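Commentary on secondary and tertiary structure
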Amino acid sequence: MRSNWFPILLFFIITIIIIQKIFDSTPHPEKNISLLDNSCWTGAGKYQISIDSTGKLILYGRNLIENTAYYLGPKGTVARISNGMNCQNCHLEAGTKPWGNNYGAVASTYPKFRERSGMIESIEKRVNDCFERSLNGKSLDSLSNEMRAIVAYIQWLGKNIPKNQKPKGTGIVDINFLQRAADPEKGKIVFQQVCEKCHGKNGEGQLNPEGYGYTYPPLWGDHSFNIGAGLYRLSRFAGYVKNNMPDPTNYHNPQLTDEQAWDVAAFVNSQPRPAKDLNKDWPTVKAKPFDYPFGPYADNFSEAQHKYGPFIPIKSFKIN
Ligand code: HEC
Ligand code: HEC
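Note that this is a predicted model, so its numbers are computed, not measured.

Rules used in this analysis
- Residues numbered from 1 in each chain as written.
- Chains lettered and ligands numbered in written order.
- Predicted model: local features only at pLDDT ≥ 70, side-chain atom pairs only at ≥ 80, totals over all residues.
- Helix = DSSP H or I, 4+ residues; strand = E, 2+ residues; numbered from the N terminus.
- Buried ≥ 20, exposed ≤ 12 C-beta atoms within 10 Å, placed from the backbone.
- Contact = placed C-beta atoms within 7 Å.
- Near = placed C-beta within 6 Å.
- Nonpolar A, V, L, I, M, F, W, Y, C, P; charged D, E, K, R; others polar.
- Domains from an automatic or database assignment.
- pLDDT = per-residue confidence, 0-100.
- Axes fitted to C-alpha atoms, helices over the stretch in contact; angles between N-to-C directions.
- Parallel < 35°, antiparallel > 145°, perpendicular 65-115°, else oblique.
- Left-handed = near helix turned anticlockwise from the far one by under 90°.
- Core = buried A, V, L, I, M, F, W, Y, C linked by C-beta atoms within 7 Å.

A word on the overall build of the chain. A count of helical and extended segments in the chain gives 14 helices and four strands. Counting over 320 residues, the chain shows a buried share of 37%. Long-range contacts, defined as pairs at least 24 residues apart, comprise 64% of the intrachain contacts of the chain with a sequence gap of at least 6.

The full set close to ligand 1 counts 25 residues, and Cys87, Cys90, Cys130, Ser134 and Gly230 are the nearest of them. If you list the elements that add at least two residues to the shell around ligand 1, you get helix H5 (87-90), helix H8 (123-132) and helix H9 (145-157). The biggest single contributor to the shell around ligand 1 is H8, with four residues. Its residues assigned to classes, the shell around ligand 1 comprises 16 nonpolar, seven polar and two charged. Each of domain 1 (46-157) and domain 2 (184-319) accounts for three or more of the residues forming the shell around ligand 1.

Let's shift gears to the domain arrangement of the chain. Along its sequence, the chain is organised into domain 1 (46-157) and domain 2 (184-319). Between the C-alpha centres of domain 1 and domain 2 there is a distance of 21 Å. Every element with two or more residues in the side of domain 1 that touches domain 2 is listed here: helix H4 (68-72) and H5. The residue inventory of the side of domain 1 that touches domain 2, partitioned by class, reads seven nonpolar, 10 polar and four charged.

Neighbouring ligand 2 are 25 residues, the closest being Cys195, Cys198, Pro217, Pro246 and Asp247. For the shell around ligand 2, the elements supplying multiple residues, two or more each, are H5, helix H10 (184-199), helix H11 (234-244) and helix H12 (258-268). If you tally residues by element for the shell around ligand 2, the top one is H10, at six residues. Its residues placed into classes, the shell around ligand 2 shows 19 nonpolar, four polar and two charged. Residue-level mapping places the shell around ligand 2 at the junction of two domains, with at least three residues from each of domain 1 (46-157) and domain 2 (184-319).

Taken as a whole, the chain shows an average pLDDT of 93; of its residues, 92% reach a score of 70 or greater. Within the chain, H12 carries the highest mean pLDDT (99), whereas helix H2 (residues 29-36) carries the lowest (44). Taken as a whole, residues 27-35 scores under 50 in pLDDT and shows one contact with residues more than four places along the chain or in a different chain.

Let's shift gears to the packing of H11 against H12. One way to put it is that H11 packs onto H12 with a least axis distance of 8 Å and a crossing angle of 125°. In terms of their interaxial angle, H11 and H12 are classed as oblique. Along this stretch, H11 crosses H12, giving a crossing that reads as right-handed. Within the contact between the two elements, H11 uses Leu234, Phe237, Ala238, Val241 and Lys242 and H12 uses Asp258, Ala261, Trp262, Val264, Ala265, Ala266 and Val268. Tallied by class, residues from the contact of H11 with H12 come to 10 nonpolar, no polar and two charged.

The next subject is the nonpolar core. The biggest cluster of nonpolar side chains holds 59 residues, and the ones touching the most others in it are Ile150, Tyr153, Val264 and Ala265. Of all elements in the fold, only helix H3 (53-66), H4, H5, H8, H9, H10, H11 and H12 reach the threshold of two or more residues within this core. Broken down by element, this core gets its largest block of residues, nine residues, from H9. Discounting chain neighbours no more than four positions away, the residues touching Val264 are Gly187, Val190, Phe191, Cys195 and Val241.

Okay, structure coming up:
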C-alpha cells in the first residue's frame, strides 16, 4: 500500500513546482506599474469597463467627466447647467491620473463628514459641490441618469480600495510652504512666460473649434470657477499646478519650482471671478483651513495672510 502512494505523491509535488516556475516566469504587469509609479494609485482605463448594462452606465459616467460641456455646458445636449468646463479639466485623465486630483479615494472615504458644509456628505452631494462651485453652475438631481452614471463611474474606479483608505497619489499634493507670502507680481511673470500661450492673455482660455466647450479652459473671469471652489484656495491651486501644468506634466517631472507654483496661484486667484454666497460654509470657524481667504477666524491673522501666506505662522498657531 505504502509503496503505491509514494510515486503519486512525488508526481504531485513535481507538478506543483513546475506550475510555480511557469507562473513566476510570466510578467506581472501590476508589479511593474507600481515600481514605475513609486506605488502611486492610478485608475483603470475605459477599456477595463465591461460591456454589460452596468458597464454602459459607468462608461456614460466617464464620458460625462471627460466631456461635461457637451452634455451639460452652456450649449449642452442634455441640460444647460454649467460653465463650459469639463470635470476632467481639473480631475485629469477622467480622474485617473496620479496626483492629478483623481477620484481614487472617493469610493473608500464617502459618505463622510465635511467641515465645509458641517454635514455628512454623499458622493452625490460632493459631485454637486463641484457643479455649483468649480463649474459655477447648478446641481444635478440625485436620481437623474447623469448623476447615477457619474457616481457609478467614481465607485467603479475606487472599488478596489479598502474602506477609509486614501492611497498615495490620490487628490492634490500638499507642496512645501514658502517662508514668505506668495507674490501675485512674481506670479504674473510666471503666467506670462508659461501659461498665457494656452490659457490666454486675460486667462479667458480658448473655445474648442465646435464652440461648445474649451480646448484650453479659462483660469479667471465669468466662465471660470467661482470663489467657493477648491482651486480658489492657494494650496489647492499650487499643488494642482505643480504636478500637472504646463499641460502635459506629471509628478515624475514637474516643470515649476514650488515658488513659481505658489506665486502663479497668487496671481491667478487675485484676478476677478464669479461670486458665490458662502454664508453657510465652514459653520465651525476654527475648522477653516489655513488658506481659506474669508474671515471670521479663530486666530488673529488677516484675510490677506490667510489668502497669500506666509502660512507657517498660521499653521503653528493652530497646533498650539
Ligand atoms: C476647476 C476645477 C474643478 C472642476 C472643473 C471640477 N472639480 Fe471636483 N474638485 C476640485 C478640487 C480642487 C477638489 C478638492 C481637492 C482637494 O481638496 O484636495 C475637488 C473635489 C472633488 C471630489 C472629491 C474628491 C475627494 O477625494 O474627496 C469629487 C467627487 C469631485 N470633485 C467631482 C467633480 C465632478 C463630478 C466634476 C464635474 C461635474 C468636478 N469635480 C469638476 C476641482 C474641480
Ligand atoms: C500647453 C498648454 C497649457 C499650458 C502652457 C498651461 N496649461 Fe493649464 N491647462 C491646459 C489644459 C489643456 C487644461 C485642461 C486639461 C484637461 O482637460 O485634460 C489645463 C487646465 C488647467 C487648470 C484647471 C482648469 C481651469 O481652467 O481652472 C489650471 C488651474 C491650469 N491649467 C493652470 C495653468 C497654469 C497656472 C499654467 C502655467 C504655469 C498652465 N496651466 C499652463 C493647458 C495648458
